[in-house]
Amino acid sequence: MKVSNINNRPNQFIIQLNDINWWKGRSLIIDQNNFFSDKTEYKRVQQFYISSIFQSYKSTIAIKGYEMRPFNRDTDKDLNLSDIYCLRDDWDEWVVHYNKPLVILDNLRWDYSTTTGKYRNIFLNEKKELTSKLIKTNTYLLANLNVND
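Keep in mind that this is a model prediction, so the values were computed, not measured.

Engineer: In this structure, what is going on with the pairing of strand β9 (residues 140-143)? I would like to understand it.
Structural biologist: Regular strands show a simple pattern: their side chains alternate between the two faces of the sheet. Neither face of β9 is open: one carries Y140 and L142, the other L141 and A143, and all of them are buried. Note that strand β8 (residues 93-106) and β9 share four bridges and pair parallel. Residue D106 lies in a different strand from β9, and its bridge partner there is A143.

Now the structure itself:
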C-alpha cells in the first residue's frame, strides 16, 4: 500500500492499494442497503479489485478498481497465479476483470465541498459535469463507503 498526498495537502490522500476489497482492516463488501445506484448494478460491487482510494480527512470519497469475475479453468488456463484470488471463505476462485473498470463514489461525500471536488477531480482526472453524467448513466456507482465511521 502506498499513501500519498494530493498536491501536498495534508488531509487529501490517494491510497494505492492494489488489493481485493479490503480497506481499514475490514472487508469493504458493500451491503445492498448501502448501495444507492440502480439496484440492477449491485452485482458489480459484490466482488471487486481496488487499485486506488481517494480519502479526504477520515472519509472515503472514491474508489477506483475493476470488477472481478469467476475463474474459468477452461478459458483462463494461461493466467498468472498472481491474478487468481480466493475470496471470503467459500474458496471459489476469482480473477480481476481488467476490461471492466469500476468507480464507486460515496453517495453523501462525493460532492461534499469545493475542496473535496477539486481533489476528486484530480483523482478521477475529469470535471464535475462529467462525473455527474457518469453517475446518471450508472458508469460510476454510488454507495455508502463510510458505514463504520
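The structure having been displayed, the exposition proceeds.
Engineer: Explanation requested: the pairing of strand β5 (residues 48-56) in the structure shown.
Structural biologist: Among the nine residues in β5, nine count as buried, and that is most of the element. For β5 and strand β6 (residues 59-70), the ladder comprises eight bridges, and the chain directions are antiparallel. Residue pairing across strands places Q55 opposite T60, the latter belonging to β6. Two successive antiparallel strands, β5 and β6, enclose a turn made up of two residues, where Y57 displays a positive phi of approximately 55°.

Engineer: Would you explain the environment of N146 in this entry?
Structural biologist: With respect to the helices, strands and loops of the structure, N146 is situated in the segment after β9. Overall, the relative accessible area of 5% leaves N146 in the buried class. Put simply, N146 and L108 are 38 residues apart on the chain and 9.3 Å apart in space, counted from C-alpha to C-alpha. Here the side chain of N146 touches T60 through a polar contact of 2.8 Å, landing on its backbone nitrogen. Among the polar contacts made by the side chain of N146, one reaches the side chain of D106 at a distance of 2.9 Å.

Engineer: Just checking my understanding: could you explain the environment of N121 for this structure?
Structural biologist: With respect to the helices, strands and loops of the structure, N121 is situated in helix α1 (residues 114-124). Taking relative accessible area as the criterion, N121 reaches 23% and is therefore assigned partly exposed. For N121, the residues in contact, after removing those within four places along its chain, are E126, K127 and K128. In terms of polar contacts, N121 uses its side chain to reach the side chain of R120, at 3.0 Å.

What counts, and where the lines are drawn
- Residues numbered from 1 in each chain as written.
- Predicted model: local features only at pLDDT ≥ 70, side-chain atom pairs only at ≥ 80, totals over all residues.
- Heavy atoms only, no water.
- Buried < 20%, exposed > 50% of the residue type's maximum accessible area, 1.4 Å probe, protein only.
- Helix = DSSP H or I, 4+ residues; strand = E, 2+ residues; numbered from the N terminus.
- Pairing = 2+ DSSP bridges.
- Polar contact = N/O pair within 3.5 Å; in protein donor to acceptor, adjacent residues only side chain to side chain.
- Contact = heavy atoms within 4.5 Å.

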